[in-house]
Amino acid sequence: MASRIGLGFFGLGTVGSAVVGALAERAARLERQIGRPFEVRRALVRDLAKPRAAPLDAAALTLDAADVLDDPDVHVVVELMGGVEPANSYVRRALQAGKHVVTANKEVMAAHGVELLELAAAQGRDLYFEASVGGGIPLIGPFRQDLAANQIRQVHAILNGTTNYILTEMAAAGVSYEHALAEAQRLGYAEPDPANDVEGADAACKLAILASLAFTSPVRPADVYREGITRIRAADFRYADELGYGIKLLAIAKRGAQGLEARVHPAFVQKDLLLGQVGGVYNAVWLHGDLLGRALFIGRGAGPEPTSSAIVADLIDLGHNIRRGVHNRVPLALDGRLPVLPMAEVRSRFYFRLWVSDRPGVLARIGAVCGEHAISIASVIQKEVDQHASRAELVFLTHEAQEAAVQRALARIARLDVVAEVASLIRVEDLAE
Ligand code: NAP
Ligand code: HSE
């Protein structure tokens, strides 16, 4: 049995460097805890000349994945490259080569996690992925183990720090989406190309992972309905506030009689709810289990230190397994076959904002279209009148209605000669604490 636990890194960027740093700083404590030291042997990168924060000898860097995969003294591969390929193939090859794997890669785990976990089990190896959702917040462990006695009914989560920062700024400072995004980029929260975050793809991958664990039934990123935050305007925050709500990019998974719901979209959330108060780059996951009832996890969902907290914890657990000669202690059976409902069939409440001609009978015509589509209006606000253009802004809040009916009704409303613009449509999630 080896006296050290050899680690090979795929990727030594923001997170990889922080993990190597955290392992070095805690080396003595980790050795006491596990009974054996970690040794970082090789790290695959793209550019050998790039300056790195990691306390690692330059000779350990390589451009050849085989240097990691073929090293018999690498027992654990730590995959921190990002993206689906080649990361997915490298993880697969590492497991086939008899290595354990720790990854923070939500894209790989959301798209290929089921097959990779099956491969790991077949190979008698472990695949850990705590950092793939919620950065430093413990989520994968609790969903796999601590909540296992529960039937999870619902998950409502804020899984993307960049968009939560942008929405928090828009709400607090009344600034435009473009202004808040520029500020997020200046502070290093948002990427130069922010599409993955602001269009909801990042949150959809994370929700697919959490929903699969919560319902023990595979949910793929393509099953998750996705809508980003780019169309939200400052006016929507003003009306939301007046109606007692804030606006969050919510990742929602529900178990219903007909199947699962899995969706990421902006939503009105009650202001006085704890989830509604989670601001800035923080993430939060609010769930409802049949035994536990409701529980809220909150913390830093990204950043090198929080993410390395989750990865080093995975390595510690894995270190105990290796030392005791066990693996797959908590088998993951994603054996459910629950269908994910098409978005058209989902029911929720809705807020919509229209620009209309300011003349008699307009409200009645819009109300009639709603009535024909079985949409019951809960309240209406008309406030800001653009006197020059004789236009008025109308805001509707509906009772619960079917998505398809609302989309059809709004398409009809948009064609009415008295309607200049359907400016916003945002779903309303009324949650009980
Ligand atoms: P990063 O800073 O861009 O680092 C990526 C590393 O992978 C770099 O060292 C890069 O090499 C290397 N790499 C990328 N593609 C490669 C290829 N084809 N061949 C060889 N090396 C390659 O990314 P990161 O922010 O550390 O994120 C790493 C992973 O952690 C991602 O899956 C991400 O989603 C996840 N994660 C990140 C955070 C966060 O806060 N950053 C939070 C949670 C999860 P070079 O250095 O030579 O370019
Ligand atoms: N870009 C993500 C976020 C962090 O803003 O939350 C990495 O998953």
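Rules used throughout
Residues numbered from 1 in each chain as written. Chains lettered and ligands numbered in written order. Predicted model: local features only at pLDDT ≥ 70, side-chain atom pairs only at ≥ 80, totals over all residues. Heavy atoms only, no water. Helix = DSSP H or I, 4+ residues; strand = E, 2+ residues; numbered from the N terminus. Rg over C-alpha atoms; globule rule 2.2 N^0.38 Å. Buried < 20%, exposed > 50% of the residue type's maximum accessible area, 1.4 Å probe, protein only. Near = heavy atom within 4 Å. Polar contact = N/O pair within 3.5 Å; in protein donor to acceptor, adjacent residues only side chain to side chain. Areas by Shrake-Rupley, 256 points an atom, 1.4 Å probe, with all protein chains shown as cover. Expected span 1.5 Å × (residues − 1). Contact = heavy atoms within 4.5 Å. Pairing = 2+ DSSP bridges. Axes fitted to C-alpha atoms, helices over the stretch in contact; angles between N-to-C directions. Parallel < 35°, antiparallel > 145°, perpendicular 65-115°, else oblique. Left-handed = near helix turned anticlockwise from the far one by under 90°. Nonpolar A, V, L, I, M, F, W, Y, C, P; charged D, E, K, R; others polar. Arc of directions from axis to C-beta. Salt bridge = Lys/Arg side-chain N within 4 Å of Asp/Glu carboxyl O. Phe/Tyr/Trp six-rings, centres within 6.5 Å; stacked < 30°, edge-to-face > 60°.

A. Expanded view of the overall build of the chain. Within the chain, the secondary structure is distributed over 14 helices and 17 strands. Relative to a compact globule of 433 residues, whose C-alpha radius of gyration would be 22 Å, the chain shows 24 Å and is just as compact. Along the first, second and third principal axes, the C-alpha atoms of the chain reach 85 × 45 × 35 Å. The buried share of the chain, taken over its 433 residues, is 52%.

B. Summary view of the site of ligand 1. The local shell around ligand 1 holds 22 residues, among which Leu12, Val15, Lys50, Arg52 and Gly303 are the closest. Contact between ligand 1 and Thr14: an oxygen atom at 2.9 Å from a main-chain N or O atom of the residue. Taking Arg52, its side chain carries an N or O atom lying 2.8 Å from an oxygen atom of ligand 1. Bound to the protein, ligand 1 loses 80% of the 900 Å² it would expose on its own.

C. Layout of helix α1 (residues 14-25). Taking 1.5 Å of rise per residue, the 12 residues of α1 would be expected to cover 16 Å, and the 17 Å separating its terminal C-alpha atoms lies within 8% of that figure. Of the residues making up α1, those classed as buried are Gly16, Ser17, Ala18, Val19, Val20, Gly21, Ala22 and Leu23. On its buried side, α1 packs onto β1 (5-10), α2 (27-34), β2 (38-44) and α12 (304-324).

D. How the structure looks around the side chain of Arg349. Tracing the backbone shows Arg349 in strand β13 (residues 347-357). At a separation of 3.5 Å, a polar atom in the side chain of Arg349 contacts the side chain of Tyr245. Within the structure, the side chain of Arg349 is placed 2.6 Å from the side chain of Asp430, a separation counted as a polar contact.

E. Local environment of the sheet that holds β2. Pairing is parallel in the open sheet, where 6 strands are placed in the order β3-β2-β1-β4-β5-β6. In this open sheet, the two strands that pair with only one neighbour each are β3 (61-62) and β6 (127-128). Two strands pair when backbone bridges link them, and strand β4 (residues 76-79) and strand β5 (residues 100-103) are joined in this way by 4 bridges, in the parallel orientation. Across the sheet, the residue bridging to Val77 is Val101, located in β5. Strands in contact with α12 are β1, β2, β4, β5 and β6; relative to β5, the strand with the most contacts, it is inclined by about 165°.

F. Region of interest: the site of ligand 2. As a matter of local geometry, ligand 2 sits amid Lys106, Asn160, Gly161, Thr162, Asp197, Asp202, Lys206 and Ala302. A distance of 2.8 Å separates an oxygen atom of ligand 2 from a polar side-chain atom of Lys106. Side-chain polar atom of Thr162 to an oxygen atom of ligand 2: 2.5 Å apart, as the coordinates give it. Considered on its own, ligand 2 offers 260 Å² of accessible surface; in the complex 77% of this is hidden by protein.

G. Just the pairing of strand β9 (residues 245-255), in detail. For β9, a buried count of 9 out of 11 residues is recorded, marking the element as mostly surrounded by other parts of the structure. Sheet topology places β9 next to strand β10 (residues 260-270); 11 bridges connect them, and they run antiparallel. From the neighbouring strand, Ala253 faces β10, where its bridge partner is Ala262. The hairpin formed by β9 and β10 contains 4 residues between the paired strands, and Gly259 there has a positive phi angle of roughly 150°.

H. Quick peek at the packing of helix α13 (residues 362-372) against helix α14 (residues 403-415). It is at 9 Å that the axes of α13 and α14 come closest, and there the two elements cross at 155°. In terms of their interaxial angle, α13 and α14 are classed as roughly antiparallel. You can see that α13 and α14 cross each other, and the crossing is right-handed. Across from Ile366, Val369, Cys370 and Glu372 in α13, the residues of α14 making contact are Ala409, Arg412 and Ile413. Considering only residue class, the contact of α13 with α14 consists of 5 nonpolar, no polar and 2 charged.

I. Molecular detail of helix α8 (residues 177-186). Taken as a whole, α8 has its buried residues at Tyr177, Ala180, Leu181 and Ala184. End-on, the buried residues of α8 take up no more than an arc of 100°, which puts them together on one face. Next to the buried residues of α8 lie α7 (161-173) and α9 (195-198). One or two steps after α8, the chain reaches Gly188, where phi turns positive at roughly 85°.

J. Region of interest: the pattern of salt bridges. Overall, the coordinates contain 22 salt bridges when judged by the stated rule. For Arg220, the salt bridge goes to Glu115, with nearest N and O atoms at 2.9 Å. In this pair, Arg220 is assigned in the loop between α10 (201-215) and β8 (225-226) and Glu115 in helix α5 (residues 106-123), connecting sequence segments 105 residues apart. Taking the relative accessible area as the measure of exposure, Arg220 reaches 28% and is therefore partly exposed. Taking the shortest distance from any N to any O, the salt bridge between Arg412 and Glu372 comes out at 3.0 Å. Taken together, the positions of Arg412 in helix α14 and Glu372 in helix α13 put the pair 40 residues apart, joining distant regions of the chain.

K. Fine view of unusual backbone geometry. Between Glu85 and the following residue, Pro86, the backbone shows a cis peptide bond with an omega angle of 10°. With respect to the helices and strands, the residue Pro86 is situated in the loop between β4 and α4 (87-96). Despite not being glycine, Asn328 shows a phi value in the positive range, around 50°. Relative to the elements of secondary structure, Asn328 occurs in the loop between α12 and β13.

L. Examining the packing of aromatic side chains more closely. Scanning all chains against the criterion turns up 5 aromatic pairs. On the basis of an interplanar angle of 45° and a centroid distance of 5.5 Å, the ring pair of Tyr245 and Phe268 is categorised as tilted. Within this pair, whereas Tyr245 is found in strand β9, its partner Phe268 is found in strand β10, the two being separated by 23 residues in sequence. Ring centres of Phe268 and Tyr351 lie 4.5 Å apart, and the angle between their planes is 35°; on these two criteria the pair is classed as tilted. Of this pair, Phe268 sits in strand β10 while Tyr351 sits in strand β13, and the two are 83 residues apart along the sequence. Take Phe268 and Tyr351: they sit in the same class, and that class is buried. Each residue in the set Tyr245, Phe268 and Tyr351 is aromatic and connected to the rest through ring pairs, giving one cluster.

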